[in-house]
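Spelled out, the chains give:
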Amino acid sequence: MRDSSWWASFKLDGVVLWASGYQNESISRAIRAAGPKTVIHMDTDGLCSPRVAFWPFFIRSYQEFRDGGRRPAPLLAAAKSCLYHIFPGLCDAPQIRHIANADLITINSPLARERFRRFLRILGRPDLVNRVRLVPSPLCLDMDIDPSAGKKKQIVAAGRWEAYQKDYHRTMKVVEKVLEFQPDYSVVLLGSGHELLA
């Protein structure tokens, strides 16, 4: 995937690369060199640098270290946040090289979009700010359910339940409330860390 001739062999008009991490820069560069239009989807909360928002970046880093079992998580998060803030070349520059290969950059939420645009402005890249577009995750609010289809009254949720940002405590409170008002429903929770939900 890091070879532009491989991408060129498909004769593509465009590629959507679902890879926000700067470690994918060699792939985005190969796609760009092969010629197709390139959309990089940033699956991010927009806190990609402590220069955008230091404390939220620190908290997210802490959560990642803690969820990954790396100790001491607070010290590691502080070191990462300070190093990335003092030495932008460690994180900011590689991210810019990656997304500079995109014709269009998409992000899921308005808050993430504004944070990411702020990051690009801080780095003096208005050309990239203009490429950022909001593409929300699809959600069908007008879904029509056919009662004759014999649907099972079941709620299914999937996730990385051990991850702090998934907030399994709140999930369990919501499940409890739903079952209180809809006692004929059942709930199935899937994913890593599901034993926490028992």
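Nothing here was measured: the structure is a model prediction, and the numbers come from that model.

(A) A look at the side chain of Ser-28. The residue Ser-28 is located in helix H2 (residues 25-34) in this model. Ser-28 gets classed as buried once you look at its relative accessible area, which sits at 0%. Reaching out from Ser-28, the side chain makes a polar contact with the backbone oxygen of Glu-25 at a distance of 3.0 Å. Residues within four places of Ser-28 in sequence aside, it is in contact with Leu-17, Ile-40, His-98 and Asn-101.

(B) Structural context of the sheet that holds strand E1 (residues 14-17). Taken in spatial order, the 4 strands make up an open sheet running E1-E2-E3-E4, and their pairing is parallel. Among the strands making up the open sheet, the edge pair consists of E1 and strand E4 (132-134). Along the sheet, successive strands turn relative to each other by an average axial angle of 25°, direction set aside. Two strands pair when backbone bridges link them, and strand E2 (residues 37-42) and strand E3 (residues 104-107) are joined in this way by 4 bridges, in the parallel orientation. In the sheet register, Met-42 faces E3, and the bridge partner there is Ile-107. Lying over the sheet, helix H6 (residues 110-122) contacts E2, E3 and E4, oriented at roughly 170° with respect to E4.

(C) Fine view of the packing of aromatic side chains. In the structure shown here, the tally under the stated rule is 6 aromatic pairs. Ring geometry for Trp-55 versus Phe-58: centroids 5.7 Å apart, planes at 80°, classification edge-to-face. One end of the pair, Trp-55, and the other, Phe-58, are both in helix H3 (residues 54-67), 3 residues apart, so they sit about a helical turn from each other. For Trp-55, a relative accessible area of 58% translates into the label exposed.

(D) Spatial organisation of a nonpolar patch on the surface. Together, Met-1, Trp-6, Phe-10 and Leu-12 line one region of the surface with nonpolar side chains, adding up to about 400 Å² of accessible area. Counting through the fold element by element, Met-1 comes out in the segment before helix H1 (4-8).

(E) Quick peek at the pattern of salt bridges. Enumeration according to the criterion identifies 12 salt bridges in this entry. We note a salt bridge from Asp-67 to Arg-66, for which the minimum N-O separation is 3.6 Å. Here Arg-66 falls in the partly exposed class, since its relative accessible area comes to 25%. Each of Asp-45, Arg-60, Glu-64 and Lys-80 takes part in salt bridges that share partners, so that together they form one network.

So, how was this worked out
- Residues numbered from 1 in each chain as written.
- Predicted model: local features only at pLDDT ≥ 70, side-chain atom pairs only at ≥ 80, totals over all residues.
- Heavy atoms only, no water.
- Helix = DSSP H or I, 4+ residues; strand = E, 2+ residues; numbered from the N terminus.
- Buried < 20%, exposed > 50% of the residue type's maximum accessible area, 1.4 Å probe, protein only.
- Polar contact = N/O pair within 3.5 Å; in protein donor to acceptor, adjacent residues only side chain to side chain.
- Contact = heavy atoms within 4.5 Å.
- Pairing = 2+ DSSP bridges.
- Axes fitted to C-alpha atoms, helices over the stretch in contact; angles between N-to-C directions.
- Phe/Tyr/Trp six-rings, centres within 6.5 Å; stacked < 30°, edge-to-face > 60°.
- Patch = residues over 30% accessible without salt bridge, like charges linked within 9 Å, V, L, I, M, F, W, Y side chains within 5 Å.
- Areas by Shrake-Rupley, 256 points an atom, 1.4 Å probe, with all protein chains shown as cover.
- Salt bridge = Lys/Arg side-chain N within 4 Å of Asp/Glu carboxyl O.

Note that every value here comes from positions in space, so none of it alone points to a role or purpose.
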